[in-house]
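Residues per chain, in single letters:
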Amino acid sequence: MGKASRKKRERRTRRAVSAGATAGTEPRALGEGALARLLRSNAPGRLSLAGAYAFGYGALGHAQQEGTDPGWYQEIDPLDALFLGTAWPTWSFRDEFEFANARDAWLRLLRGTVHGKGVQRFVCEAVAASEELGLPVDDGGLMLALTDRLEAAGLDQRHLPRLLLPQTALQGCRAAYGSSLDRRRLPDPPEDTEERIRRFWAGSEEEPWAEGTPRTVLRAGLRRFHDAGLPVEKESGTLLPALYAALMTKPGELLEDMGEHAWAWALSLDDASTLVPVLDILLAAPAWELSVTETLGHLFALPAFTEPIPSEALLWTSSPGLALPRLAFELGMSKVSTRAMTITADLLDWAGMHTRMRLSAAARESAADLEETETDGADGTDTTQEEPDERWAERREAVREAVLQKVRKKSGGTAATRHRADRPVERVWNADGSSVVRFSTDTPRGQELKEGLQGQLDAFREKFGREPGPGDPLFFDPDADEPTPLTKAHFEEMILDMAERAVEMGIDPAFLHAWREVGYVVTEETRGMFTTAEVLAFNRALARHQKAGA
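Visitor: Teacher, can you tell me more about the overall build of the chain here?
Guide: A count of helices and strands for the chain gives 25 helices and four strands. Sorting the 550 residues of the chain into buried and exposed places 46% on the buried side. Long-range pairs, those at least 24 residues apart, make up 63% of the contacts in the chain with a sequence separation of at least 6.

Written out as structure tokens, the structure is:
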């Protein structure tokens, strides 16, 4: 038997042992052995995919032992660890945004190569291990056990070329180092720039999702910032955050975070995206001390400024823990279980939103604790801060009051109250991404919702013979003997069944197919619960299904 054949047989044997392992000490022991072997057979600059993962896993453990691990390390999953290992120890990431954007840029470089296929196999092994061991994909025990599976899958056999390692491959990369736009290459403003800018500021207040272009979304964001007292007509530094705020943010996302989040989002897109020229001008304008008028003039010279925002820009990707699920869904997998939640394809945006807001809230709380400790140590006084939920509640009320004052000025003081009362459902957001849904029973639609919920409570009592408890699902599987949440499969089957009978019910089937695709439904009454990006995603799915059914 030749050397290559022996290696293949050894890998098959290891794969069989790994597949038969149970969630206990055996997978851990196998993983520890594989980790030691991979660390011995690899070195910085000479790494296989499995070796890079071992180095990344080791770097995480070392940082934890030394107490130097930043908070965002807690969000890292196996694919993040692999990328961390390729960059260690030469690249020290400033924050989670630089890390995630560099990770995605590197993964884009690997697409279509043999190493890209290796990454796909890596993702398959990680998800399979998660399902077989019954552990979240980012669980520490799972991440250790995975090392043995990577050996068995042959991901330790081929080294990455030095030219594909991040330190070399990402030199000057926009996602990692920022835009390199040359001021001399700015497009010349069109001849009717003054008239376009005049119409821009004087434009009607249509909802930004109605047109879905950078122009309309930016205008909506600038109005929001103007109401918050920001000098939107004087400071070009407000333009990029305003675009991001009107497109991507939930109400609980704080104004103080939007500049950093906007910068990360703007750098996350592939260089080939049609939105990049728009974003590069917005990124460069403050550094070049361009006025708002000058910046808008250059933007109006770009066709992309008045064309629909591309779909790839509607998804937040600049956080750890988001690349592996995206790739898993591209490969046809239905779900990825993480410690935070079980992610399905329609929940990618939700998972990204929660991650960025959770990390920002945790960083803010950590900074507040450090400041409190330093102050206490300086003069011995107690500087305990208010509870976060109380602070968020105060900020929400302040923003709400500012909006109400704007409406009162325009309507003589009557429309604001009527507008709020006419809304039957409202989601109230906290700055960490958590939220509470409130139903109003002061409207006919709100009363219908109340009756529907009451019907669910009655159905629960009839099915299980008791009152629902705090952990019981309100919408439960009718075929289960115990209170069990509706599965995604059951939900999709229900939607498909409704779609078959939609015409009889007077409903456009495309509406239901779009709901199934994106995981939520946008109506006139619920639109205020969604970001502009979510509304655009739903509307585009609806248009696709309408076209397919025409």
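Here the narrative resumes.
Visitor: Explain the packing of aromatic side chains to me, please; I cannot follow it from the model alone.
Guide: Any two aromatic rings considered together are summarised by their centre-to-centre distance and by the angle between their planes. All told, the structure shown has 21 aromatic pairs when counted by the stated rule. Ring pairing ties together the aromatic residues Trp72, Tyr73, Phe83, Trp91, Phe93, Phe99, Trp106 and Tyr177, which thus form one cluster. A cation over a ring is seen here: Arg219 above Phe200, with NZ or CZ 6.0 Å from the ring centre. Of note, Arg356 hangs over the ring of Trp316, and the distance from its end group to the ring centre comes to 5.1 Å.

Visitor: Explanation requested: helix α15 (residues 276-284) in the structure shown.
Guide: Side chains three or four residues apart in an α-helix point the same way, a direct result of the helix having 3.6 residues per turn. Burial within α15 is extensive, with eight of its nine residues counted as buried. Along α15, the positions that sit buried rather than exposed are Val276, Val278, Leu279, Asp280, Ile281, Leu282, Leu283 and Ala284. Taken together, the buried residues of α15 touch α9 (174-177), α12 (214-227), α13 (239-248), α14 (255-268) and α16 (292-300).

Visitor: It is not clear to me how empty space enclosed by the protein should be interpreted in this structure. Could you clarify?
Guide: Empty space among the atoms becomes apparent when a probe as large as a water molecule is rolled across them. Under the definition given, this model contains two cavities of 30 Å³ or more. The volume enclosed by the second largest cavity comes to roughly 30 Å³. Taken together, Met248, Leu314, Asp349, Met353, Arg356, Thr531 and Ala533 make up the lining of the second largest cavity. The element contributing the most residues to the lining of the second largest cavity is helix α18 (residues 348-379), with three residues. Split by residue class, the lining of the second largest cavity holds four nonpolar, one polar and two charged.

Visitor: What is the right way to look at the environment of Glu253 in this model?
Guide: Position of Glu253 among the secondary structure elements: in the loop between α13 and α14. When neighbours within four sequence positions are excluded, Glu253 is seen to be in contact with Arg224, Tyr244, Met258, His261, Arg356 and Met357. At 2.7 Å, the side chain of Glu253 and the side chain of Tyr244 are in polar contact.

Visitor: I tried to follow the packing of α13 against α15 on my own but got confused; where do I start?
Guide: Two packed helices can be described by the angle between their axes and the distance between those axes. α15 packs onto α13 with a crossing angle of 130° between their chain directions and a minimal axis gap of 8 Å. Regarding the angle of α13 to α15, the classification is oblique. Only Leu279, Leu282 and Leu283 of α15 make contact with α13, whose side of the interface consists of Leu239, Leu240 and Leu243.

Visitor: Can you help me understand the pattern of salt bridges in this one?
Guide: Close approach of charged atoms allows side chains of opposite charge to pair. Enumeration over the complete set of coordinates arrives at 27 salt bridges. Ionic pairing is found between Glu211 and Arg215, a salt bridge with its closest N-O pair at 3.1 Å. Salt-bridge contacts for Arg544 lead to Glu517; the nearest nitrogen and oxygen are separated by 2.2 Å. Here Arg544, found in helix α25 (residues 532-549), pairs with Glu517, found in helix α24 (residues 509-518); they are 27 residues apart in sequence, far enough to count as distant. One connected set of salt bridges, linked through shared partners, spans Asp80, Arg103, Asp104 and Arg326.

Visitor: Is there a simple way to think about the nonpolar core in this case?
Guide: Soluble globular proteins tend to pack their nonpolar side chains together in the buried interior. With 123 residues, the main nonpolar core has Phe93, Phe122, Val123, Leu218, Leu247, Trp265 and Leu299 as its most contacted residues. If we ignore the near neighbours within four places in the chain, the residues touching Phe93 are Trp72, Phe83, Leu84, Ala87, Glu98, Phe99 and Ala102. Membership of the second largest hydrophobic core comes to five residues, among which are Ile495, Ala499, Ala502 and Leu512.

Visitor: Where do I start with the packing of helix α10 (residues 193-202) against α12 in this structure?
Guide: Here α10 crosses α12 at 55°, and the two axes come no closer than 10 Å. Overall, the two elements α10 and α12 adopt an arrangement that is oblique. Between α10 and α12, the contacting residues are Arg199, Phe200 and Trp201 on the first element and Arg215, Leu218, Arg219, Leu222 and Arg223 on the second. Partitioned by chemical class, the residues of the contact of α10 with α12 number four nonpolar, no polar and four charged.

Visitor: Can you walk me through the environment of Pro320 in this structure?
Guide: If you trace the backbone, Pro320 turns up in the loop between α16 and α17 (323-330). The exposure class assigned to Pro320 is buried, which follows from its relative accessible area of 1%. With 223 residues separating them along the chain, Pro320 and Phe97 place their C-alpha atoms 8.2 Å apart. In contact with Pro320, other than residues within four places in its own chain, are Trp72, Glu75, Ile76, Asp80, Glu96, Phe99, Ala100, Arg103, Thr355 and Leu359.

Visitor: What am I meant to see in unusual backbone geometry here?
Guide: Across residues other than glycine, the phi torsion is negative in most instances, and most of the peptide bonds are trans. Trp88 connects to Pro89 through a cis peptide bond whose omega is 0°. Topologically, Pro89 is positioned in the loop between α4 (78-87) and α5 (96-110). Here the phi dihedral of Glu289 falls at roughly 55°; this positive angle occurs in a residue that is not glycine. Among the secondary structure elements, Glu289 is positioned in the loop between α15 and α16.

Visitor: It is not clear to me how the side chain of Thr344 should be interpreted in this structure. Could you clarify?
Guide: Inspection of the secondary structure puts Thr344 in strand β2 (residues 342-344). Using a relative accessible area of 9% as the deciding quantity, one classes Thr344 as buried. Within polar-contact distance, the side chain of Thr344 engages the side chain of Asp346 at 2.9 Å.

Visitor: Looking at this model, I keep getting lost on the confidence of the model for the chain. Mind explaining?
Guide: If pLDDT is low for a region, its predicted coordinates should not be looked at in detail. Chain-level statistics for the chain give a pLDDT mean of 83 and a share of 81% at 70 or above. Mean pLDDT across the secondary structure elements of the chain bottoms out at helix α20 (residues 415-421), with 33, and peaks at α17, with 98. Scored below 50 in pLDDT, residues 7-24 makes 28 contacts in the model with residues more than four places away or belonging to other chains.

Calculation rules
- Residues numbered from 1 in each chain as written.
- Predicted model: local features only at pLDDT ≥ 70, side-chain atom pairs only at ≥ 80, totals over all residues.
- Heavy atoms only, no water.
- Helix = DSSP H or I, 4+ residues; strand = E, 2+ residues; numbered from the N terminus.
- Buried < 20%, exposed > 50% of the residue type's maximum accessible area, 1.4 Å probe, protein only.
- Contact = heavy atoms within 4.5 Å.
- Phe/Tyr/Trp six-rings, centres within 6.5 Å; stacked < 30°, edge-to-face > 60°.
- Lys NZ or Arg CZ within 6 Å of the ring centre and 35° of its normal.
- 1 Å grid on protein atoms, 1.4 Å probe; cavity = no way out; pocket = protein on both sides within 12 Å on 5 of 7 lines; lining within 4 Å.
- Points joined across faces, edges and corners; volume = space filled by probe spheres on them.
- Nonpolar A, V, L, I, M, F, W, Y, C, P; charged D, E, K, R; others polar.
- Polar contact = N/O pair within 3.5 Å; in protein donor to acceptor, adjacent residues only side chain to side chain.
- Axes fitted to C-alpha atoms, helices over the stretch in contact; angles between N-to-C directions.
- Parallel < 35°, antiparallel > 145°, perpendicular 65-115°, else oblique.
- Salt bridge = Lys/Arg side-chain N within 4 Å of Asp/Glu carboxyl O.
- Core = buried A, V, L, I, M, F, W, Y, C linked by side-chain atoms within 4.5 Å.
- pLDDT = per-residue confidence, 0-100.

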